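Coordinates in review
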Amino acid sequence: MKYIIGNWKMNLGVRESVALARASLLLLRGKKIAPQMVLCPSTIALSEVRKVVARSGVGLGAQNVAVEDQGAFTGEISARMLSEVGVTHVIIGHSERRHLFGETDELINGKIQKALEYNLIPILCVGETQEERENGQAKKVVTHQIVTALKNVRPKFSETFFIAYEPVWAIGTGETPTTQEIVEMHTHIQSVLGEIFPTAPSSAFAILYGGSVNGENAYAFLRESCVDGLLVGGASVKIHQLKDIVEAACKVLIAQA
Ligand code: PGA
């Protein structure tokens, strides 16, 4: 399987989100072999987008979740609330949350535990900064992020748990690592996960790439067997780009069938 996850960030209001969700679903219509899609609108649009994706097989993702269950946490949204409106997935530890909102690996660990408690499928984002990359620390940083985020976490191996490798320097910049560099990091992530969960079946984790994915580069990334899918930001809100990305995934899946 290949996964295409759209992270719409803080870009669309409710009406625009509904329209984009409808258009995104149309891209899959009539396709016997197609990627699994998850759409992650802003919190305010979740309920309306859910009506569009209901019974379609397309997942509904939130972009964040509170670490607490409930209480005096102004502005936060709990896992229970997300699950109540039909959310299936949740992005956790996106680099924008880490860097702009000060999220730590420990907080991210708590959020993953909370998401799993409420049967939400986590999409854990990891990735090095430009500086860390230049210092040759990319693998070390990503290892630390994964090990800390997954401390005492017991995923249900019946559901795929997502890890998105998103180098910070590649997000929204138009720059990406080479395919070879992505393969190397994904292979590394696989081995880190294998050490943490030695008995996990191979379907337990899906490793996605994210960072300046577009209609032109998607095929080269998806063609790699260790790239289970893509976490797409900017291009996921441009329907023509998303169309090309979905078609790239279909092409890869058809070749594999
Ligand atoms: P981008 O964002 O595709 O716009 O680079 C990816 C992400 O932030 O998940």
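Located above this text is the structure these notes cover.
Because the structure is a prediction, the values reported are computed rather than measured.

1. Some words on the site of the ligand
As a structural note, the neighbourhood of the ligand is formed by 13 residues, with Lys9, His94, Glu166, Gly172 and Ser212 the closest of them. A distance of 2.7 Å is found between an oxygen atom of the ligand and a side-chain nitrogen or oxygen belonging to Glu166. Contact distances for the ligand include 2.8 Å between an oxygen atom and a backbone N or O atom of Gly234. Protein contacts shield 95% of the accessible area of the ligand, which totals 280 Å² for the unbound molecule. With respect to the detected pockets, the ligand is housed in the second largest pocket. Of the residues belonging to the shell around the ligand, the class tally is four nonpolar, seven polar and two charged.

2. Concerning the pattern of salt bridges
One pass over the structure, following the stated rule, counts eleven salt bridges. One salt bridge connects Asp105 with Arg98, and the closest N-O pair in it is separated by 2.8 Å. Each of the two residues, Asp105 as well as Arg98, counts as buried. One salt-bridge network, held together by shared partners, links Asp69, Lys114 and Glu117.

3. Here we look at the sheet that holds strand E3 (residues 59-62)
A barrel is described by the order of its strands in space; here eight strands give the closed sequence E1-E2-E3-E4-E5-E6-E7-E8, paired in parallel fashion. Averaged over all adjacent pairs, the angle separating strand axes in this sheet is 25 degrees, with direction ignored. In this structure, strand E4 (residues 89-92) lies alongside strand E5 (residues 121-126), joined through four bridges in parallel fashion. Paired with His89 across the strands is Ile121, a residue of E5. Against the sheet, helix H7 (residues 138-149) engages E5 and strand E6 (161-165), with an angle of about 150 degrees to E5.

4. Quick notes on empty space enclosed by the protein
In total, this model carries one cavity of 30 Å³ or more according to the counting rule given. Considering only enclosed or pocket space, the largest cavity measures out at about 30 Å³ in volume. If you list the elements that add at least two residues to the lining of the largest cavity, you get helix H4 (95-100) and E5. A per-class count over the lining of the largest cavity returns three nonpolar, five polar and two charged.

5. Comments concerning the nonpolar core
Counting residues in each nonpolar core, the largest one holds 71 residues, and the members touching the most others are Ile112, Leu150, Ile163, Ile189 and Leu230. For this core, the element with the most residues is helix H10 (residues 239-256), which contributes seven residues. Among all residues touching Ile189, those that are not within four sequence positions of it are Val126, Val142, Ile146, Ile163, Tyr165 and Ile207. With 13 residues, the next largest nonpolar core counts Ile5, Ile91, Ile123 and Phe162 among its residues.

6. Considerations on the pairing of E6
Regular strands have side chains that alternate between both faces of the sheet. Burial runs high along E6: five of the five residues are buried. Residues of E6 alternate between two faces, with Phe161, Ile163 and Tyr165 on one and Phe162 and Ala164 on the opposite face, all of them buried. Bridge analysis of E5 against E6 gives four bridges, and the strand direction is parallel. Within the sheet, the bridge partner assigned to Ile123 lies in E6 and is Phe162. For the crossover that starts at E6, traverses helix H8 (residues 179-196) and ends in the parallel strand E7 (residues 205-210), the hand is right-handed.

7. Notes on the packing of aromatic side chains
Per the stated rule, a full pass over the model turns up seven aromatic pairs. Taken together, the ring pairs in this structure connect Phe157, Phe161, Phe197 and Phe205 into an aromatic cluster. For the cation-ring pair, Arg97 lies above Phe101, with the distance from its terminal atom to the ring centre recorded as 4.2 Å. Positioned above the aromatic ring of Tyr219, the side-chain terminus of Lys251 is 4.2 Å from the ring centre.

Reading the values: rules and limits
- Residues numbered from 1 in each chain as written.
- Predicted model: local features only at pLDDT ≥ 70, side-chain atom pairs only at ≥ 80, totals over all residues.
- Heavy atoms only, no water.
- Near = heavy atom within 4 Å.
- Polar contact = N/O pair within 3.5 Å; in protein donor to acceptor, adjacent residues only side chain to side chain.
- Areas by Shrake-Rupley, 256 points an atom, 1.4 Å probe, with all protein chains shown as cover.
- 1 Å grid on protein atoms, 1.4 Å probe; cavity = no way out; pocket = protein on both sides within 12 Å on 5 of 7 lines; lining within 4 Å.
- Sits in = over half its atoms within 2 Å of the grid points.
- Nonpolar A, V, L, I, M, F, W, Y, C, P; charged D, E, K, R; others polar.
- Salt bridge = Lys/Arg side-chain N within 4 Å of Asp/Glu carboxyl O.
- Buried < 20%, exposed > 50% of the residue type's maximum accessible area, 1.4 Å probe, protein only.
- Pairing = 2+ DSSP bridges.
- Helix = DSSP H or I, 4+ residues; strand = E, 2+ residues; numbered from the N terminus.
- Axes fitted to C-alpha atoms, helices over the stretch in contact; angles between N-to-C directions.
- Contact = heavy atoms within 4.5 Å.
- Points joined across faces, edges and corners; volume = space filled by probe spheres on them.
- Core = buried A, V, L, I, M, F, W, Y, C linked by side-chain atoms within 4.5 Å.
- Right-handed = clockwise from strand over helix to strand, strands pointing away.
- Phe/Tyr/Trp six-rings, centres within 6.5 Å; stacked < 30°, edge-to-face > 60°.
- Lys NZ or Arg CZ within 6 Å of the ring centre and 35° of its normal.

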